[in-house]
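# Examination of the molecular architecture
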Amino acid sequence: MKKKITIGGEKKEEKIKVESSARSQGKTENTAGLSRRDFLKATAAAGLSVATGKLFGGPLLLTDEGKAKVVMPSDELRVAFIGVGEQGRILLDCCLRIPGIKIAAICDIWEYSRTYASGYAKKYGQSPNVYEDYRDMLNSEKDLDAVIVATPDWVHAEHTNACLNHGLHVYCEKEMSNSLEKARSMVETARRTKKLLQIGHQRRSNPRYIHAIEKLIHERQLLGRVMIAYAQWNRAKADMLGWPKKFTIDPQTLHKYGYGSMEEFRNWRWFRKYGGGPIVDLGSHQIDLFSWVFRNNPKTAVASGGVDYYRNREWYDNVMVIYEYDTPEGVARAFYQVQTTTSHGGFYETFMGDNGSLVISEVPQKGNWAYREAHAPDWEPFVREGLILSEAPPIQKVETRNVFVDVRVTAEAGRWPLPVELAKPAHQPHLENFFDAIRRGVPLNCPAELAYETAVAVLKVNEAVRTKSLLRFRPEEFKV
Ligand SMILES: NC(=O)c1ccc[n+]([C@@H]2O[C@H](COP(=O)([O-])OP(=O)(O)OC[C@H]3O[C@@H](n4cnc5c(N)ncnc54)[C@H](O)[C@@H]3O)[C@@H](O)[C@H]2O)c1
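Residues numbered from 1 in each chain as written. Predicted model: local features only at pLDDT ≥ 70, side-chain atom pairs only at ≥ 80, totals over all residues.

What follows is about the site of the ligand. Around the ligand, 25 residues are found, and the nearest of them are Gly83, Gly85, Gln87, Trp110 and Ser113. Top contributing element to the shell around the ligand by residue count: helix H3 (residues 86-95), with three residues. Partitioned by chemical class, the residues of the shell around the ligand number 10 nonpolar, eight polar and seven charged. (Near = placed C-beta within 6 Å. Helix = DSSP H or I, 4+ residues; strand = E, 2+ residues; numbered from the N terminus. Nonpolar A, V, L, I, M, F, W, Y, C, P; charged D, E, K, R; others polar.)

Put into structure tokens, the structure is as follows:
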């Protein structure tokens, strides 16, 4: 049995502590995800000496292959953020772990977000300029390389297009937009300006997903013919988000930026003007994987859903959708559901073939293993190659106080765990791919054209729910 492969350093994921000293003294895992020992080995192998105190501020950049190279001043990327709410702050945290990323500016219309994010960046020795309006930021900041857009979906196109037109590369969060017309404009602007546009479907850069889909399912056909996919994102019921009252935005400012009220501003996901509802918000990550696995976009969709539980929310609080795909092996179907009144099962994706199934989730405890059908070819050769780990046998018998229950007939097959782990925050590899694309020209893992195809498959579900009719996709609909 081969050892687990851990991408990104020590197996245990390390959280950034809000203390500047740990990072600058090189006490933590280094920001390229290698252990400090590996980092030093790599620098030594490259013939470089490292003064410990300079480990993070110093002139070194680690490549993904664990090699060290000198960061020339031109390798430093000056990055700005537009939107530093929940997700913007997660991306900021990731950027603080990546060598050579200078957080030059932070823009957000909400003082609460601006203050929190800029304070966080300062704890790591960064000193971003802070702005309320992105137009002021673009006018004032003269030497930016890239912008990370993590605002609500409805303003992605405005922010992304402005930055691209300003000559900047952009990493924009999913969903590209809540309107396909606006999403299309983003693809067109990226093409015209010849700037990079990465969309934040971060599973596309996750080594666990790449191993599962590209290596096991596509290349080695571990599951045989995959005809069925199932994915879900179930969340417990939750109230609308509130806000600290001393950070209430005044009505003129809300109005200036297009928000009707503080409640809409905080809960934009539930309103048609600003978002696409749970199916778009959560489904976009997982429906994207269906196309990746089936190597095609869907040809039809039927869906059902409604605003059945909550009051004062515009978007469907539950949706179930079935897609049909033409794959190189024949027809396949995928069933997806998003629920906001139960956390049953959480979120994960399953791909089912005639020789086996694979369960995967961004949270590995929820899925990171395969099941083998009894008739399938022997999987031990895959184990010997290190592609999967040895089968963990299922529980065969259960003993209770009075009865002896034999559950052999119903017990599911044993799990064959996947060997790849990611010891970095889930979004970091996707950002690294973006920065590598800027620095070294590597291909983006989720360029705007690809994300647009997913946006079509996802945003159209709301139409299928509304019309209660079979939706037929034309292949040309997915292209800009
Ligand atoms: N990839 C992922 O896993 C993931 C996870 C969560 C959210 N997201 C995406 O990230 C984006 C942000 O989501 P969130 O959860 O952080 O929302 P949020 O409401 O927590 O944060 C949005 C931030 O944008 C700011 N903002 C709003 N309008 C603005 C404007 N016109 N100019 C500047 N700032 C503005 C708000 O003040 C707020 O700070 C969304 O597109 C969402 O779909 C992605």
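On to the sheet that holds strand S15 (residues 356-360), then. If you walk across this open sheet you meet the nine strands as S19-S16-S15-S14-S10-S13-S12-S11-S21, and the pairing is mixed. Every interior strand has two partners, whereas the edge strands, strand S19 (415-417) and strand S21 (471-472), have only one. Where strand S12 (residues 318-327) lies against strand S13 (residues 330-339), 10 bridges are found, and the strand directions are antiparallel. The partner of Val319 across the bridge, within S13, is Val338. On the sheet, helix H8 (residues 207-219) packs against strand S10 (226-234), strand S14 (347-353), S15 and strand S16 (368-372) and is oriented at approximately 165° with respect to S15. (Pairing = 2+ DSSP bridges. Contact = placed C-beta atoms within 7 Å. Axes fitted to C-alpha atoms, helices over the stretch in contact; angles between N-to-C directions.)

Of note, Ser118 is situated in helix H4 (residues 111-123). Residue Ser118 is classed as buried on the basis of its 21 C-beta neighbours within 10 Å. The spatial distance from the C-alpha of Ser118 to the C-alpha of Arg89 is 9.7 Å, given a sequence separation of 29 residues. Excluding anything up to four places from it in sequence, Ser118 contacts Ile106, Pro128 and Val130. (Buried ≥ 20, exposed ≤ 12 C-beta atoms within 10 Å, placed from the backbone.)

S16 sits mainly inside the fold: four of its five residues count as buried. The pairing of S15 with S16 spans five bridges and is classified as antiparallel. Each residue of the ladder has a partner; that of Gly356, found in S16, is Arg372. Where S16 lies against S19, three bridges are found, and the strand directions are antiparallel. When the bridges of S19 are listed, Trp369 appears paired with Pro417.

Burial runs high along helix H6 (residues 156-165): seven of the 10 residues are buried. For H6, the set of buried residues is His156, Ala157, His159, Thr160, Asn161, Cys163 and Leu164. Contacts from the buried residues of H6 go to strand S4 (77-82), helix H5 (134-140), strand S7 (146-149), strand S8 (169-172), helix H7 (180-193) and strand S9 (197-199). With its phi angle positive at about 85°, Gly167 sits one or two positions after the end of H6.

Attention now moves to H8. Because an α-helix completes one turn every 3.6 residues, residues spaced three or four positions apart along the sequence face the same direction. Across its 13 residues, H8 extends only 15 Å between first and last C-alpha, which sits more than 12% below the 18 Å expected from 1.5 Å per residue. Where H8 is concerned, the buried positions are Arg208, Tyr209, Ala212, Ile213, Leu216 and Ile217. When H8 is viewed along its axis, its buried side chains cluster within an angular range of 120° and face the same direction. Contacts from the buried residues of H8 go to S10, helix H12 (283-294), S14, S15, S16 and strand S20 (420-422). Positive phi shows up at Gln221, right after H8, with a value of about 50°. (Expected span 1.5 Å × (residues − 1). Arc of directions from axis to C-beta.)

With that settled, the discussion passes to the pairing of S15. Taken residue by residue, a regular strand's side chains alternate between the two faces of the sheet. Counting buried residues along S15, four of its five residues qualify, which places the element largely inside the surrounding structure. For S14 and S15, the ladder comprises four bridges, and the chain directions are antiparallel. Paired with Glu349 across the two strands is Ile360, which belongs to S15. Counted between consecutive antiparallel strands, the loop separating S14 from S15 contains two residues.

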